[in-house]
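Next come the chains, spelled out residue by residue.
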Amino acid sequence: MAENKYSAPKRGRMGRHGAARMMPGEKAKDFKGTVGKLLEYIGSYRIAVLIVAIFAVASTVFSVVGPKILGKATTVLVEGITAKVSGNGSVDFERVGRILLIVLGIYLASAIFSFVQGYIMSTITQKICYRMRKEISEKIDRMPMKYFESRTYGEVLSRITNDVDTLGNGLNQSVTQLITSVCTMVGVLIMMLSISPLMTLITLVTLPLSVMLIAVVVKHSQKYFKSQQEYLGHINGQVEEIYSCHNIVKAFNKEQDVIKTFHETNEVLYASAWKSQFLSGLMMPFMTFVGNLGYVGVAISGAYLAIKGKVNIGDIQSFMMYVRNFTQPVQQIAQVTNMLQSMAAAAERVFELLEEDEEEIYVENPVKTDGLKGDVTFKNVKFGYDAEKIVIKNFSVDVKDGQQIAIVGPTGAGKTTMVKLLMRFYDVIDGEILVDGHNIKDFDRHELRKMFGMVLQDTWLFKGSIMDNIRYGKLDATDEEVIAAAKSAHAHHFIETLSGGYDTELNEDATNISQGQRQLLTIARAILANNPILILDEATSSVDTRTEQRIQRAMNNLMKGRTSFVIAHRLSTIKNADIILVMKDGDIIEQGNHEELMEKNGFYAELYNSQWTEAEAS
């Protein structure tokens, strides 16, 4: 089966124009340090980057030399026409042709060098992006659960999508653009000085004016670009949230409130976007105006020098071309500077992720799970998500192989936390958890988790067929094994009623089947996995009473011979458990079977009787 069938469901898309195209003003916290890390990261491609730089310089040199040689052709034409008019000669078209062929060859060589460096740089960039995405994907597999529980899905996904795209685009464009712009400015300056120092001085006078105008525009537009970026994120978040929960909006008649909120945010976005785009759009007219001033100055000074016989007509033509080529790189460098800032900001976020603390996946001399039965012992376990706020204070219990353990208690008592500790999504602060006498820290995490099968209250299905979703519990299972698991979970009947049967394609969020049907599929998946230890966290909470009873019978058959931890709010479903752990405020306050706990007439009896009373009242 293709791997992409089991990629995590998408929880909404981030706006491409919001995160991928970063606006001016987004800067790295440590630009110098981040650039250093980036250079170190692409160190294996340093030779290729050096070749790119050489080809970029060569391309620029050829393009800079072209106008001066082309000016010679103009000079030959003017001299020939003048001589013909005076009757002392004619135009030397052969020489003009040779000059034009040389210019053509120069520009062709420049184009070839530019093409080669672009090809190499694009290849390097995509290889770097490929490697970075691969490392981020592998890093995510090694990250602790607390990292993901403290961040949104979009924030994590943006590292592997938007930030890597921004980094790739920045590398591909800024490196060669910066080299060619600087080389063009230096080369053009040298060529202008070789023609006329006076005209060069007049041209350079306009350069500070250009820089000042760019600085003023950037200064005033920067705050609006920041606002635009911020509110574009708000817009994207609202759209994602509203569309993913559109049925809730309709159910509570909140359409008008949603529209009002969207319009308010959109108004702010419109105002900031308009101002930022308008101000940044002034840059080109200002540059054009300054450039035209330079042309006027060159035209006047060039005419004067030509009359004095100090320059040729062709030199003036070449110089005019150089003036245009000199002012353009100034704007390009300003744009590249902003692009480098955005690229560094994206790289900084990627490196922050890659440098995050990881789980300890492997241990020395790990214990193997082969042959283990499923005895589980919690010994004086102490745990808190925050070391100063202890959730589980002193938890001890001894579970024998094949026993069914029910964990009950009010919300926030620590029931699900116990399961997370058992599977080492988190590590205990004090005490230890043993499986068949072995501390779970002595197992490789992946090896440990092979022992567990899970059915959670939240149903996670993937885009693909029903057959593939069930088979996720055991990828090498035959179709017959999948169908048998579905029958055990009482899912076979409803699957057969679907138009495509087991080949029915589930959409992105599996909304084309009911919540209860989705739960049945996850139960079938757990049955197929056939793990020695089962964890059932409110596994039947989303199905009707009749279906719940059938699933309960199937679960009872499934749990025979296996250690099972069942978290339940409906206490009627766990009456037959071997041990019932009653939790409150992170501690086990009662334990025993149903009859023993009812005889104690304690907290469990109070919970059970209250549910029974509510059931009768309803």
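Residue numbers restart at each chain and count upward from 1, following the sequence in its written direction. In keeping with the predicted nature of the model, local features appear solely for residues at pLDDT of at least 70, side-chain atom pairs appear and are counted solely at 80 or more, and the whole-chain, interface and lining totals rest on all residues. Hydrogen atoms and water are omitted, and side-chain values are computed over all heavy atoms in the structure.

*Asks:* I would appreciate a short explanation of the overall build of the protein in the present structure.
*Replies:* Helix and strand definitions follow DSSP, with helices as H or I runs of at least four residues and strands as E runs of at least two, each counted in order from the N terminus. The secondary structure content of the protein amounts to 20 helices and twelve strands. For this measure, only C-alpha atoms enter the radius of gyration; the expected value for a globule follows 2.2 Å times N^0.38, where N is the number of residues. Rg of the C-alpha trace for the protein: 36 Å, well past the compact-globule value of 25 Å for 618 residues, more than 25% over. C-alpha atoms of the protein, sized along the principal axes, occupy 125 × 55 × 55 Å. The buried label applies to any residue whose accessible area, calculated with a 1.4 Å probe on protein chains only, is under 20% of its type's maximum; exposed applies above 50%, and partly exposed to all values in between. Within the protein, buried positions represent 43% of all 618 residues. Within the protein, contacts between residues at least 6 apart in sequence are counted, and of these 79% link residues at least 24 apart. For the protein, the computed accessible surface area is about 32,700 Å², with 57% contributed by carbon and sulfur atoms. In this description, contact between two residues means that some pair of their heavy atoms is separated by no more than 4.5 Å. Shrake-Rupley sampling with a 1.4 Å probe provides the accessible areas, and residues are treated as covered by the protein chains on show and by no other component.

*Asks:* Where do I start with the confidence of the model for the protein in this structure?
*Replies:* Confidence scores per residue from the predictor, reported as pLDDT, run from 0 to 100. Residue-level pLDDT values for the protein average 81, and 91% of them are 70 or greater. Of all the helices and strands in the protein, helix H1 (residues 16–20) carries the lowest mean pLDDT, 35, while helix H14 (residues 466–471) carries the highest, 93.

*Asks:* Help me understand the sheet that holds strand S4 (residues 430–435) in this model?
*Replies:* Backbone hydrogen bonds hold the strands of a sheet together, and the pairing may be parallel or antiparallel. Whether two strands pair depends on DSSP finding at least two bridges between them. The antiparallel open sheet is built from four strands, whose spatial order is S2-S1-S4-S5. Each having just a single partner strand, strand S2 (392–399) and strand S5 (438–439) make up the two edges of the open sheet. Bridge count for strand S1 (residues 376–383) against S4 is five bridges, and the pairing is antiparallel. In the strand pairing of S4, Val-376 is matched with Val-435. Of the strands in this sheet, S1, S2 and S4 are in contact with helix H12 (residues 415–422), which crosses S1 at around 110°. Geometry is summarised by axes, namely lines fitted to C-alpha atoms with helices restricted to the contacting stretch, and by angles between N-to-C directions that run from 0 to 180 degrees.

*Asks:* It is not clear to me how the sheet that holds strand S6 (residues 452–455) should be interpreted in this structure. Could you clarify?
*Replies:* Read across the sheet, six strands follow the order S6-S9-S10-S3-S11-S12 without closing on themselves; strand pairing throughout is mixed. Here the strands that pair on one side only, and so sit at the sheet edges, are S6 and strand S12 (587–592). Ignoring which end each strand starts from, the neighbouring axes of this sheet average 20° apart. Both strand S3 (residues 404–408) and strand S10 (residues 563–567) contribute to a ladder of four bridges, which runs parallel. Counterpart to Ile-405 in the pairing with S10 is Phe-565. The sheet contacts of H12 involve S3, S6, strand S9 (533–537), S10 and strand S11 (579–584), and relative to S10 the element is tilted by about 145°.

*Asks:* Explanation requested: the packing of helix H9 (residues 255–281) against helix H10 (residues 283–307) in the structure shown.
*Replies:* Each pair of packed helices can be described by the angle between their axes along with the distance between the axes. Interaxial distance between H9 and H10 falls to 4 Å at its minimum, and their mutual angle equals 15°. By the angle class used here, H9 and H10 are roughly parallel. On H10, the residues touching Leu-279, Ser-280 and Gly-281 of H9 are Met-283, Met-284 and Pro-285. Residues are grouped as follows: Ala, Val, Leu, Ile, Met, Phe, Trp, Tyr, Cys and Pro are nonpolar; Asp, Glu, Lys and Arg are charged; all remaining types, including Gly, are polar. Counted by class, the contact of H9 with H10 contains four nonpolar, two polar and no charged residues. Roughly parallel means an angle under 35 degrees; roughly antiparallel, over 145; roughly perpendicular, 65 to 115; everything else is oblique.

*Asks:* Even after reading the chapter, I still don't get a nonpolar patch on the surface, so can you show me in this structure?
*Replies:* A surface patch of nonpolar side chains, about 420 Å² in accessible area, is lined by Leu-77, Ile-81, Val-85 and Phe-93. Looking at the nonpolar patch, the element that brings in the most residues is helix H3 (residues 46–86), giving three residues. Secondary-structure assignment places Val-85 in helix H3. Assessed through its relative accessible area of 71%, Val-85 is described here as exposed. Only residues whose relative accessible area exceeds 30% and that form no salt bridge are eligible for patches; like-charged ones are grouped when within 9 Å, while nonpolar side chains (Val, Leu, Ile, Met, Phe, Trp, Tyr) are grouped when within 5 Å. For this analysis, a salt bridge means a side-chain nitrogen from Lys or Arg found within 4 Å of a carboxyl oxygen belonging to Asp or Glu.

*Asks:* I would appreciate a short explanation of the side chain of Arg-518 in the present structure.
*Replies:* Here Arg-518 shows up in helix H17 (residues 515–529). A distance of 3.0 Å separates a polar atom in the side chain of Arg-518 from the backbone oxygen of Ile-513. Each polar contact in these results corresponds to two N or O atoms within 3.5 Å; when the atoms are within protein, one needs to be able to donate a hydrogen and the other to accept it, and residues that are neighboring in sequence are counted only if both atoms are side-chain atoms.

*Asks:* Explain the pairing of S9 here, please?
*Replies:* Along a regular strand, successive side chains alternate from one face of the sheet to the other. A large share of S9 lies buried, amounting to five of its five residues. A two-sided burial pattern is seen for S9, the buried positions comprising Ile-533, Ile-535 and Asp-537 on one face and Leu-534 and Leu-536 on the other. Note: S9 against S10, five bridges, orientation parallel. Residue pairing across strands places Ile-535 opposite Phe-565, the latter belonging to S10.

*Asks:* Teacher, can you tell me more about the environment of Ile-235 here?
*Replies:* Mapped onto the secondary structure, Ile-235 falls in helix H7 (residues 197–244). By relative accessible area, which is 9% here, Ile-235 ends up buried. C-alpha separation for the pair Ile-235 and Thr-261, spaced 26 residues apart in sequence, amounts to 9.8 Å. Not counting chain neighbours up to four residues away, the residues in contact with Ile-235 comprise Phe-262, Thr-265, Asn-266 and Leu-269.

*Asks:* Sorry if this is basic, but what is going on with the nonpolar core here?
*Replies:* Nonpolar side chains in soluble globular proteins generally cluster together in the buried interior. By size, the foremost hydrophobic cluster in this structure holds 40 residues, and its most contacted members are Ile-470, Ile-495, Leu-521, Ile-574, Ile-580 and Tyr-604. If you tally residues by element for this core, the top one is H17, at seven residues. Those residues in contact with Tyr-604, other than ones at most four positions away along the chain, are Val-408, Leu-571, Ile-574, Ile-580, Val-582, Glu-590, His-594, Leu-597 and Met-598. The next biggest cluster of nonpolar side chains, apart from the first, holds 36 residues, and it includes Ile-433, Ile-440, Leu-448 and Met-451. The term nonpolar core refers to a set of buried residues drawn from Ala, Val, Leu, Ile, Met, Phe, Trp, Tyr and Cys, joined through side-chain atoms within 4.5 Å.

*Asks:* What am I meant to see in the packing of helix H15 (residues 479–488) against H17 here?
*Replies:* Put simply, H15 and H17 touch, their axes get as near as 8 Å, and they point 125° apart. The orientation of H15 with respect to H17, classified from their angle, is oblique. Once H15 is placed against H17, the crossing between them reads as right-handed. Here Glu-481, Val-482, Ala-485, Ala-486 and Ser-488 of H15 come into contact with H17, specifically with Ala-524, Ile-527 and Leu-528. Residues of the contact of H15 with H17, tallied by class, amount to six nonpolar, one polar and one charged. Crossing handedness: left-handed means the near helix sits turned counterclockwise from the far one by under a right angle, and right-handed means the same turn made clockwise.

*Asks:* What exactly am I supposed to notice about the pattern of salt bridges here?
*Replies:* Side chains bearing opposite charge may pair, as long as their charged atoms lie close to each other. Counting across every chain of the model gives 19 salt bridges. Of the charged contacts, one joins Glu-94 and Arg-98 as a salt bridge, the two residues approaching to 3.4 Å between their closest N and O atoms. You can see Glu-94 and its partner Arg-98 sitting in helix H4 (residues 93–142), four residues apart, about one turn around the helix. Arg-98 sits in the partly exposed class, given a relative accessible area of 43%.

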